[in-house]
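# Coordinate analysis (summary)
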Amino acid sequence: DVVQVDIDFASETKAKSVVIRDSRGKTVPYQVVKAGGDGGFVDNFWNVPTIFDTVRFTVKIPTGAIPAMGYRTFIVEPSQKTNRCTGTQVPAQNEMENAHLRVKVNRNGGVDIFDKDSKREYSRVCHYWDQGECGNAWRHDAPLNDRIVTSLGCPATVALVEDGPFSTTYRADIVLDVPEACEGNRRCDRTVGIPITTFYTLKAGARRLEVKTVIEN
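Below or above, wherever it landed, is the structure these notes cover. (Residues numbered from 1 in each chain as written. Predicted model: local features only at pLDDT ≥ 70, side-chain atom pairs only at ≥ 80, totals over all residues. Heavy atoms only, no water.)

A few words on a nonpolar patch on the surface. Residues Phe45, Trp46 and Val48 make up a contiguous nonpolar surface patch of roughly 430 Å² in combined accessible area. You can see Trp46 is positioned in the loop between strand E3 (31-43) and strand E4 (49-62). Judged by relative accessible area, which is 65%, Trp46 ranks as exposed. (Patch = residues over 30% accessible without salt bridge, like charges linked within 9 Å, V, L, I, M, F, W, Y side chains within 5 Å. Areas by Shrake-Rupley, 256 points an atom, 1.4 Å probe, with all protein chains shown as cover. Salt bridge = Lys/Arg side-chain N within 4 Å of Asp/Glu carboxyl O. Helix = DSSP H or I, 4+ residues; strand = E, 2+ residues; numbered from the N terminus. Buried < 20%, exposed > 50% of the residue type's maximum accessible area, 1.4 Å probe, protein only.)

So, on to empty space enclosed by the protein. Within this structure, the stated rule accounts for 1 cavity of 30 Å³ or more. Put simply, the largest cavity is a space of about 40 Å³. Together, Asn108, Gly109, Gly110, Cys126, Tyr128, Ala172, Ile174, Ile196 and Thr198 line the largest cavity. Listing elements by their share of the lining of the largest cavity, those giving two or more residues are strand E13 (167-179) and strand E16 (191-203). A class-by-class count of the residues in the lining of the largest cavity yields 5 nonpolar, 4 polar and no charged. (1 Å grid on protein atoms, 1.4 Å probe; cavity = no way out; pocket = protein on both sides within 12 Å on 5 of 7 lines; lining within 4 Å. Points joined across faces, edges and corners; volume = space filled by probe spheres on them. Nonpolar A, V, L, I, M, F, W, Y, C, P; charged D, E, K, R; others polar.)

Attention now moves to the pattern of salt bridges. Considering all chains together, one arrives at 15 salt bridges under this definition. The shortest N-O distance in the salt bridge between Lys60 and Glu162 comes to 3.0 Å. Highlighted residues: Lys60 in strand E4 and Glu162 in strand E12 (residues 157-162), separated in sequence by 102 residues. Between Asp117 and Arg207 there is a salt bridge; the shortest N-O distance is 2.6 Å. Note that Asp117 is positioned in the loop between strand E8 (111-115) and strand E9 (120-125) and Arg207 in the loop between E16 and strand E17 (210-215), a separation of 90 residues in sequence.

Moving on, we get to the pairing of E9. Taking burial as the measure, the 6 residues of E9 include 0 buried ones, a minor fraction of the element. When E8 meets E9, the two strands line up antiparallel, connected through 4 bridges. Each bridged residue has a counterpart across the sheet, and for Ile113 the counterpart in E9 is Tyr122. With antiparallel pairing between neighbouring strands as the criterion, E8 and E9 make up a hairpin whose turn holds 4 residues, including Lys119 at a positive phi of roughly 65 degrees. (Pairing = 2+ DSSP bridges.)

Within the secondary structure layout, Asn145 lies in the loop between strand E10 (129-130) and strand E11 (149-150). A relative accessible area of 81% places Asn145 in the exposed class. Along the chain, Asn145 and Asn185 lie 40 residues apart, while their C-alpha atoms are 8.7 Å from each other.

Along the chain, Arg187 falls in strand E15 (residues 186-187). Among the residues examined, Arg187 registers a relative accessible area of 9% and is labelled buried. Within the structure, the side chain of Arg187 is placed 2.5 Å from the side chain of Asp130, a separation counted as a polar contact. Looking at Arg187, its side chain comes within polar contact range of the main-chain oxygen of Arg147, at 2.6 Å. (Polar contact = N/O pair within 3.5 Å; in protein donor to acceptor, adjacent residues only side chain to side chain.)

A few words on unusual backbone geometry. Its identity is not glycine, yet Met69 carries a phi of approximately 60 degrees, on the positive side. Relative to the helices and strands, Met69 resides in the loop between E4 and strand E5 (74-79). Under the relative-accessibility criterion, Met69 is labelled exposed at 85%.

This part covers the sheet that holds E4. Taken together, 3 strands build an open sheet; the order of strands is E1-E4-E3 and the sheet is antiparallel. Every interior strand has two partners, whereas the edge strands, strand E1 (2-10) and E3, have only one. Between one strand and the next, the sheet's axes are offset by a mean angle of 30 degrees, whatever the strand orientation. Bridge count between E1 and E4: 9 bridges; the pairing is antiparallel. Among the inter-strand pairings, Val5 is bridged to a residue of E4, identified as Val59. (Axes fitted to C-alpha atoms, helices over the stretch in contact; angles between N-to-C directions.)

Shown next, in the form of structure tokens:
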């Protein structure tokens, strides 16, 4: 798997990057998410909380296979050299790919997924569907002549927000116009826009696409 960790060094080290080694001493490649000054509270010799200035590196590292209830040990060291750790999982615009999956983010914010192992393609994945509701907290009642709205025709703003050799994330923003309320047993003609943001993350070696959805209802 690929995990994200925060690594702090004392600001006196003036670290420009980090060196990560496994328990055998082999250098482990990583992907930088962000780097910069930070600080936190630690107890001094007299157990008084004191601000400890640090240089923090947020990185993503491949851990390899970890058994259930198991762990991996890594050794970190500050470095005075800049390590850019270049690499990409983006073969084309609005696409990302690893050894098992190829993902394309569509114009409506949904995705098409091609499974390289099974040679199967899954189209129009992750779109949104809104149905009317005239019931209550205990019973679902659909309105007569219900008007169902989907996001298949919504234009999306798609942005690449993270990319590197171990993790890639696209963000898709849409506004789904839905009827504002139910009036009697029908949905009214007035509409209101619901902003929906979807994050798609593909990690190196993963056989799954991670999806995070934020809805402002």
